[in-house]
Amino acid sequence: AQSVTQPDIHITVSEGASLELRCNYSYGATPYLFWYVQSPGQGLQLLLKYFSGDTLVQGIKGFEAEFKRSQSSFNLRKPSVHWSDAAEYFCAVGTSNAGKSTFGDGTTLTVKP
Amino acid sequence: EAGVTQSPTHLIKTRGQQATLRCSPISGHTSVYWYQQALGLGLQFLLWYDEGEERNRGNFPPRFSGRQFPNYSSELNVNALELEDSALYLCASSLRYRGGKNYEQYFGPGTRLTVT
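Presented here is a report on the structure given in the accompanying data block.

Quick notes on the rules
Residues numbered from 1 in each chain as written. Chains lettered and ligands numbered in written order. Predicted model: local features only at pLDDT ≥ 70, side-chain atom pairs only at ≥ 80, totals over all residues. Heavy atoms only, no water. Helix = DSSP H or I, 4+ residues; strand = E, 2+ residues; numbered from the N terminus. Rg over C-alpha atoms; globule rule 2.2 N^0.38 Å. Contact = heavy atoms within 4.5 Å. Buried area = accessible area lost by both parts, 1.4 Å probe. Salt bridge = Lys/Arg side-chain N within 4 Å of Asp/Glu carboxyl O. Polar contact = N/O pair within 3.5 Å; in protein donor to acceptor, adjacent residues only side chain to side chain.

## Observations concerning the overall build of chain A
Summing up its helical and strand segments, chain A has 0 helices and 12 strands in all. By the compact-globule yardstick of 13 Å for 113 residues, chain A fits well, its C-alpha radius of gyration being 13 Å. In terms of principal-axis extent, the alpha carbons of chain A reach across some 45 × 30 × 20 Å. Sequence-distant contacts, at least 24 apart, represent 53% of the contacts inside chain A between residues at least 6 apart.

Have a look at this one:
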C-alpha cells in the first residue's frame, strides 16, 4: 500500500524568502505524484503533478517540485514566497489501478510580513 | 469552464439521521471521488465511481454509500449519522479511468457536515 509523509506540520517563512516543503512517499511502482494547496474552508487546488519524464516539474503560482526516485521524495519549492501563499499544502501519491490518491497529513505555511 | 460543484455548502443533521451530499464533475470527466476531511484525521479516501460503477472503496462502514448517475454526477449518502461523521466532504473528478494510467483529480469546495 502506498503512503505519504510530510515531515513538517507547520512552517513559517518571511515574505520574499524561499520555501521548500518536504514530501516522502512509499510506493512499489512508478508513482503519480501531486501537490495541492488548500485555503481555510476551501477545497484543494492542484499546484502541479508528476507522471513521468523530466523530474523537475513546474506548476502554477510559481511553484516547482523535483522528483527524486533514489530518495523517494517530491519536495515543493518556491523561490520567493508571497503573503497569499499562506495555506495548507498536501502532497499525494496516486496509483495506476486504484483510482484513489493517498494524501499526506499536510503542512501549514505561515508567511510573516 | 466550470469546476467541480458540490451542494449543499453546509449541512446540519442530528445523530441517527441520514445525509445526502451531491457533486457535479467537470464537463468531460467521468470519474468521481469522495474524500472525508475530518479534524485531525487528514484526507481519507471514501469512494471512487467511474462510468456509473463503484470502482474502489476506502475503509469506511457500509452506512457510507453512494452512486453515480448517467450524467456522471454523484451522490454520497451517510446513514445513521454519528457525531464523528462531522467533517468536510470533498468531491473530486478526473478524466475517464483507463487501466494503467492515473489522472489528476480536481476538487470541489466541499460540503461541511455537522452532526449534533
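## Structural notes on the interface of chain B and chain A
On the side of chain A, 21 residues touch chain B, which itself brings 21 residues to the contact. Together chain B and chain A conceal approximately 1700 Å² of surface at their shared face, both sides included; 53% is due to carbon and sulfur atoms. Applying the counting rule to chain B against chain A returns 1 salt bridge. The salt bridge partner of B:E104 is A:K49, with a shortest N-O separation of 2.6 Å. Scanning the region where chain B abuts chain A turns up 4 residue pairs in polar contact (both at pLDDT 80 or more). If you list the elements that add at least two residues to the side of chain B that touches chain A, you get β4 (31-38), β5 (42-50), β9 (87-94) and β10 (106-107) of chain B.

Any functional reading would require information beyond the geometric quantities listed.
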